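So you can see what is in the structure, the chains are spelled out below.
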Amino acid sequence: MDTTCINRITITRPDDWHLHLRDGAAMKDVVAHSAERFGRALVMPNLKPPVVSVGQAWSYRERILAALPDDPRFDPYMALYLTDTTPVDEIRRAAMGPHILSFKLYPAGATTNSDAGVTNINKMHDRFEAMERWEVPLCVHGEVTDPSVDIFDRELVFIERVLVPLRKEHPALKIVLEHVTTKDGVNFVIDEERHRHPTAATITAHNLLLNRNAIFQGGVRPHHYCLPVLKREAHRQALLWAATHGGPRFFLGTDSAPHAKSAKEAACGCAGCFTAHAGIELYAEAFAQVNALDKLEAFASFHGADFYGLSRNTGTMTLVRKPWLVPPSHEYGESEVVVPLRAGEYISWSLESRMHP
Ligand code: DOR
Ligand code: ZN
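Residues numbered from 1 in each chain as written. Chains lettered and ligands numbered in written order. Predicted model: local features only at pLDDT ≥ 70, side-chain atom pairs only at ≥ 80, totals over all residues. Heavy atoms only, no water.

## Points about the sheet that holds strand S15 (residues 350-351)
How we decide: Strands pair, by our definition, only if DSSP identifies at least two bridges between them. Under the scheme used here, helices are H or I runs from DSSP no shorter than 4 residues and strands are E runs no shorter than 2 residues, and both carry numbers assigned from the N terminus. Only heavy atoms matter for contacts: two residues are in contact if any of them lie within 4.5 Å across the pair. Lines fitted to C-alpha atoms define the axes here, with helix axes fitted over just the stretch in contact, and angles between the N-to-C directions of these axes take values from 0 to 180 degrees.
One open sheet accounts for 3 strands, arranged S1-S10-S15; its pairing is antiparallel. The sheet is open, and its two edges are formed by strand S1 (8-12) and S15, each paired on a single side. Both strand S10 (residues 316-320) and S15 contribute to a ladder of 2 bridges, which runs antiparallel. Pairing of Leu-319 across the sheet is with Leu-351, part of S15. Docked against the sheet, helix H11 (residues 296-308) engages S1 and S10, running at close to 25 degrees with respect to S1.

Here it is as structure tokens:
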């Protein structure tokens, strides 16, 4: 289908299955961007301290709801932070608890606020078995932390060293390879589907739009630094194929990860791209670039809900091909700002609800 002449597209309200909202005053500033665009989001638990129990997740969820603007259509779902000491019983509680969707596996030291993460995966089998038994999905930050492994190979090595053996031990465990960045990750998910294993992957908009050159475009670009780090063009092409033609195991997860401008533009800057300000528009742009706008709805609004066993959203949203200028920054808590992706540049798709006659 030729979608190059489509200038307006209406889709079922999409969901964001991987989102960082932070906490406190900063959360209030960022959550509105997601609530304007998405029906639901899976909220990541890497706060300081991390969200390790069902009780903590529920109170975090209450804080999110309290921070929402008046329009309360946004329904946050929570991921719990898996640690070396997560009790097996917490997994049962998570399975029973409404709005608790999954556990998030951070290999200790892999990324922002992952110090409390898992140090030895081989000591976690009783917890993985409980997740299998109670049908609680495991969302995975798929990178090894071994400093001798090249940073661009950490996803591939994680697949070989961790995911392949994990899948052998736990054939029924639902696994989501979060923010997949490589063709190796895409191939792993496709192979898993062939073997009828319940494995899926989220794909970010920035990984669909940028390759690793963007980190060094005319100088060091801290706002393009995230983890897993952006990869070379061949991987971006594989991700574009997966998002548009890879089938139901690939779905939208922005991994919008705000950090204060001062923490990004620093000698040792934090990892994370803030994309919630254009959470769906950036995907529309990526899909339009490869003439696949007709595939956007399934990726953004159906596949994730289906994988998680949730009903699809009922409302709709309309996007129009109309460029808008991204502001240089957005407010972020009491005295900070956050720099959004594409700051000071144009994005070619807009929300129709934002258009003024
Ligand atoms: O770039 C990233 N930022 N990757 C992650 O895994 C975590 C995230 C964050 O929380 O800032
Ligand atoms: Zn993340």
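Anyway, onward from the coordinates.
## A closer look at the environment of Ala-257
Rules: Each residue is assigned to one of three classes by its accessible area relative to the maximum for its type, calculated with a 1.4 Å probe on protein chains only: buried under 20%, partly exposed between the two thresholds, exposed over 50%.
By the secondary structure assignment, Ala-257 is in the loop between strand S9 (250-252) and helix H9 (261-264). Ala-257 sits in the buried class, given a relative accessible area of 6%. Linking Ala-257 and Leu-21, residues 236 residues apart in sequence, is a C-alpha distance of 7.4 Å. For Ala-257, the contacting residues outside a window of four places in its chain are His-20, Arg-22, Gly-272, Cys-273 and Phe-274.

## Some remarks on the site of ligand 1
For the record, the criterion: Here, proximity means that at least one heavy atom of the residue falls within 4 Å of the molecule or strand. Polar contacts here mean pairs of N or O atoms no more than 3.5 Å apart (in protein, one a potential hydrogen donor and the other a potential acceptor; neighbouring residues in sequence count only if both atoms are side-chain atoms). We get accessible surface area from the Shrake-Rupley algorithm with a probe of 1.4 Å; when it comes to residues, only the shown protein chains can shield them. In this analysis the probe radius is 1.4 Å and the grid spacing 1 Å, with only protein atoms considered; a cavity is a set of points the probe fits into but cannot get out of, a pocket is an open set with protein on both sides within 12 Å along at least five of seven lines, and lining residues have an atom within 4 Å of a point. Pocket occupancy is defined atom-wise: a molecule lies in a cavity or pocket when more than half of its atoms are within 2 Å of its grid points. All amino acids are sorted into three groups, where Ala, Val, Leu, Ile, Met, Phe, Trp, Tyr, Cys and Pro are nonpolar, Asp, Glu, Lys and Arg are charged, and the leftover types, Gly among them, are polar.
Near ligand 1 you find 13 residues, and of these Arg-22, Asn-46, Thr-111, Leu-227 and His-259 are the closest. Between an oxygen atom of ligand 1 and a side-chain N or O atom of Asn-46, the distance comes to 2.8 Å. A distance of 3.2 Å is found between an oxygen atom of ligand 1 and a side-chain nitrogen or oxygen belonging to His-141. Alone, ligand 1 offers 290 Å² of accessible surface; in the complex the protein occludes 100% of this. At a threshold of 2 Å from the grid points, most atoms of ligand 1 map onto the largest cavity. Residues belonging to the shell around ligand 1 are distributed by class as follows: 4 nonpolar, 8 polar and 1 charged.

## Quick word on the sheet that holds strand S5 (residues 100-105)
The 8 strands are arranged S2-S3-S4-S5-S6-S7-S8-S9 in an open sheet whose pairing can be described as parallel. Because the sheet does not close on itself, it has two edges, and the strands there are strand S2 (16-19) and S9. This sheet shows a mean twist of 30 degrees between the axes of neighbouring strands, independent of strand direction. Relative to strand S8 (residues 199-203), strand S7 (residues 175-177) is paired through 3 bridges, and the arrangement is parallel. Across the sheet, residue Leu-177 finds its bridge partner in S8, namely Ala-201. Taken strand by strand, helix H6 (residues 183-194) contacts S7, S8 and S9, and its axis lies near 150 degrees from that of S8.

## Topic: helix H5 (residues 154-169)
Using the following cut-off: Helix span, expected: 1.5 Å multiplied by one less than the number of residues in the helix. The quantity called bend is, for any residue, the angle between two axes fitted respectively to the seven residues ending at it and the seven beginning at it.
Its 16 residues give H5 an end-to-end C-alpha distance of 22 Å, which sits within 8% of 22 Å, the value for a rise of 1.5 Å per residue. The sharpest bend along H5 comes to roughly 35 degrees, located at Glu-160. Along H5, the positions that sit buried rather than exposed are Arg-154, Glu-155, Val-157, Phe-158, Ile-159, Val-162, Leu-163, Leu-166 and Arg-167. Along its buried surface, H5 packs onto S5, helix H4 (125-134), strand S6 (138-140), S7, H6 and S8.

## A short note on empty space enclosed by the protein
The condition is simple: Grid points are joined across faces, edges and corners, and a volume is the space filled by probe spheres set on the points.
Counted by the stated rule, this structure contains 2 cavities of 30 Å³ or more. A volume near 120 Å³ is recorded for the largest cavity. If you trace the largest cavity, you find 17 residues lining it, with His-20, Thr-111, Leu-227, Asp-255 and Ala-257 closest to the centre. Of the residues assigned to the lining of the largest cavity, the class counts are 5 nonpolar, 9 polar and 3 charged.

## Examining the coordination of the zinc ion (ligand 2)
For a metal bound by four donors in tetrahedral geometry, the ideal donor-metal-donor angle is 109.5 degrees, whereas six donors in octahedral geometry ideally sit at 90 or 180 degrees. This is how the line gets drawn: We call an atom a donor if it is N, O or S and sits within 2.8 Å of the metal, or 3.2 Å for Na, K and Ca. Water is not counted, so some sites may look partial.
Looking at the metal site, the zinc ion (ligand 2) is ligated by His-18 (NE2), His-20 (NE2) and Asp-255 (OD), spaced 2.0 to 2.1 Å from it. Look at where the donors of the zinc ion (ligand 2) fall in the sequence and you get H-x1-H-x234-D. Taken together, the residues His-18 in strand S2 and Asp-255 in the loop between S9 and H9 connect sequence positions 237 residues apart. Residue classification places Asp-255 among the buried positions, given a relative accessible area of 8%.

## What about the side chain of Ser-114?
Within the secondary structure layout, Ser-114 lies in the loop between S5 and H4. Apart from the residues lying within four places of it in its own chain, the contact partners of Ser-114 are Tyr-81, Tyr-106, Pro-107, Ala-108 and Gly-109.

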